[in-house]
Amino acid sequence: MKASDLFIRCLESEGVEYIFGLPGEETNDLMFSVLNSQIKFILVRHEQGAAFMADVYGRLTQKVGVCLSTLGPGATNLITGVANANMDRSPILAITGQTDSSLRHKESHQNMDVVSMFKPITKWRWSIHNADVIPEIVRRAFKISIGEKAGAVHLELPEDVAKEKSYIKPIKKPRRTSKSRPHNDLIKNVVKMILSAKMPMILIGNGCIRGNASSYIRKFVERTGISSMNTFMAKGVISDKSERHLQTIGIKDADHALIALKEADLVISIGYDLVEYSPKNWNGNLDKKIIHIDSAPAEVETYYPPNIEIVADIGYTINAILLELTEKKIKVKKEKKISNNSNNNLDSTDMPYFEMPDLFMKVKKQITERIEKFKDDFGYPIKPTKLVIDVRNALDENDIVISDVGAHKLWIAKTYETFNPNTCLITNGFCSMGFALPGAIAAQLVRPNQKVVVMCGDGGFLMNVQELETAVRLQLPIIVIIWCDSDFGMISLKQIHEFGKSAFTRFTNPDFVTLAQSFGAIGYYVKTTEEFPKILKKAKESTSVPVIIAIDVDYSKNQILLNDDFSD
Ligand SMILES: Cc1ncc(C[n+]2csc(CCOP(=O)(O)OP(=O)(O)O)c2C)c(N)n1
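Residues numbered from 1 in each chain as written. Predicted model: local features only at pLDDT ≥ 70, side-chain atom pairs only at ≥ 80, totals over all residues. Heavy atoms only, no water.

Chemist: Even after reading the chapter, I still don't get the sheet that holds strand S4 (residues 92-98), so can you show me in this structure?
Modeler: Picture the strands of a sheet paired through backbone hydrogen bonds; they go either parallel or antiparallel. Strands sit in the order S2-S1-S3-S4-S6-S5 across an open sheet of 6 strands; the sheet is parallel. Two strands in the sheet have a free side with no partner beyond their single neighbour: strand S2 (40-43) and strand S5 (124-127). The average angle at which neighbouring strand axes cross in this sheet is 20 degrees, direction not considered. Both strand S3 (residues 65-69) and S4 contribute to a ladder of 5 bridges, which runs parallel. Its bridge partner being in S4, Gly65 is matched across the sheet by Ile92. (Pairing = 2+ DSSP bridges. Helix = DSSP H or I, 4+ residues; strand = E, 2+ residues; numbered from the N terminus. Axes fitted to C-alpha atoms, helices over the stretch in contact; angles between N-to-C directions.)

Chemist: How should I be thinking about the pairing of strand S16 (residues 479-484) in this particular structure?
Modeler: On any regular strand, side chains alternate: one points to one face of the sheet, the next to the other face. Taking burial as the measure, the 6 residues of S16 include 6 buried ones, the bulk of the element. In S16, alternate side chains face the same way, and those of Ile479, Ile481 and Trp483 on one face and Val480, Ile482 and Cys484 on the other are all buried. The pairing of strand S15 (residues 452-457) with S16 spans 5 bridges and is classified as parallel. Note that in S16 the partner of Met455 across the bridge is Ile481. In the sheet, S16 pairs with strand S18 (residues 547-552) via 6 bridges, with the strands oriented parallel. In the sheet register, Ile482 faces S18, and the bridge partner there is Ala550. (Buried < 20%, exposed > 50% of the residue type's maximum accessible area, 1.4 Å probe, protein only.)

Chemist: Even after reading the chapter, I still don't get the site of the ligand, so can you show me in this structure?
Modeler: Neighbouring residues of the ligand: 19 residues in total, closest Ala407, His408, Gly460, Met490 and Tyr555. Contact between the ligand and Ala407: an oxygen atom at 2.8 Å from a main-chain N or O atom of the residue. Contact between the ligand and Cys431: a nitrogen atom at 2.9 Å from a main-chain N or O atom of the residue. Considered on its own, the ligand offers 590 Å² of accessible surface; in the complex 78% of this is hidden by protein. For the shell around the ligand, the elements supplying multiple residues, two or more each, are helix H16 (407-415), helix H18 (458-461) and helix H20 (489-499). Taken together, the residues of the shell around the ligand sort by class into 9 nonpolar, 7 polar and 3 charged. (Near = heavy atom within 4 Å. Polar contact = N/O pair within 3.5 Å; in protein donor to acceptor, adjacent residues only side chain to side chain. Areas by Shrake-Rupley, 256 points an atom, 1.4 Å probe, with all protein chains shown as cover. Nonpolar A, V, L, I, M, F, W, Y, C, P; charged D, E, K, R; others polar.)

In structure tokens, the structure reads:
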């Protein structure tokens, strides 16, 4: 078999459905191998878009998303998206072409050491030197990418190697792999710590989404009464409707949830990635006990010294803790009868049950008040929380919102109520602007029956606006809501906070309606707040055409994102 065919057969055997990419001369053998395969090639208009699409594909499917570019400039264009996926723990494979091996050692057209460029932004990378090793290398790449913590891998296939012949067959991936179970002694110690805590708090991170642990954690919270909160990238693991859930934490000094977390004496962190939110913010005095539960060991960090570290499957671990708590039949706090609608045989009345502390109740109330404060405010430009609540009301629980990066992201993280995992996607590790529009294309491909809504700033929208053509070509009815302020709002906010004025952040916008139309999309510029829900309703009716909705946003209260006393 020709090496490029073998490479694509190997991807098929890994279950790859899509390759997002933009070809060059050096990838042409691969392109014709894809043409003869089951894999769909999604042509993009900039390689960065391809990497963001692979990233969101990886987040939603928990399979490796694949993106492709040519050598040199194509590869460097991929880099931002690959770094984003890697830091946000999304499994992706980046494939790049390369010049003929006989030219590699000397100055030659577009020849650069791409593998070295990908070193700091991938878990593993390799240049394939002969056809016979392709099955091993591809299998290895997929195994490393999906292994916890998931991330990016990179493979380079030089032009001449792609034309070689090989008799080697693809290596089959295992049908199932075992998950590690926690050690019993550690579980006993965890239970002792929980039982002696006065104000325990569960801190939920993105590892719970990757580990499909939502149902276990919901059961745990319901049975024990322990309050919880999540990071930006773990929205929906616990429903924001849960009365003990203090929703989203992640703003440095100004965070409702932080007020509560600072008072907790025990933090049970589950699938928490430090890249999202530094523990210094909540454990600056080093006064917390910490139980670390994750599928990977804890990062070494001064402000995050776990008393107990359990490295095992999150679901198994939570179940084991619940079982141990039940077996102890210790009634520590005032016991309550609590609903038992889950599927194991635990007797809920035997569980120790934590009453919600007054402070946590107060914080939950303030969070709800904040979300709803402007729900009937029809001032224009629209208030950020009004915009968010209108979008929430327009969507079903399983529809997907994808946020770009900027001040709008903080508003969305803090106030977009999320009820299920992977229904509000935020990039919060690498935080690259321009993520949301390409990401929505991948989301709509894998979730054709859910509405997919992008919320982005007017800055971030134009960073990957070219992918609107991809969305139109693929007939994807994504909705893009552009928060307009003619400013890199997040940056001017920080500048004004520190320097008293802003510099080099203002710009002018194109006419978003004609821009949308020129791509073949539908465009609206919402000019009154009353109109917004009506336009959203109309936008939802589109079944095959992307809809762009631009709306002016009142950013005058953005400073509360930095020094929030929550009275405003
Ligand atoms: C690719 C990239 N460039 C720069 C930044 C730094 N940055 C973070 S937020 C921001 C401003 C975003 O502006 P806009 O998209 O208009 O959203 P807003 O803050 O106004 O809501 C910038 C420049 C970044 N995160 N990513």
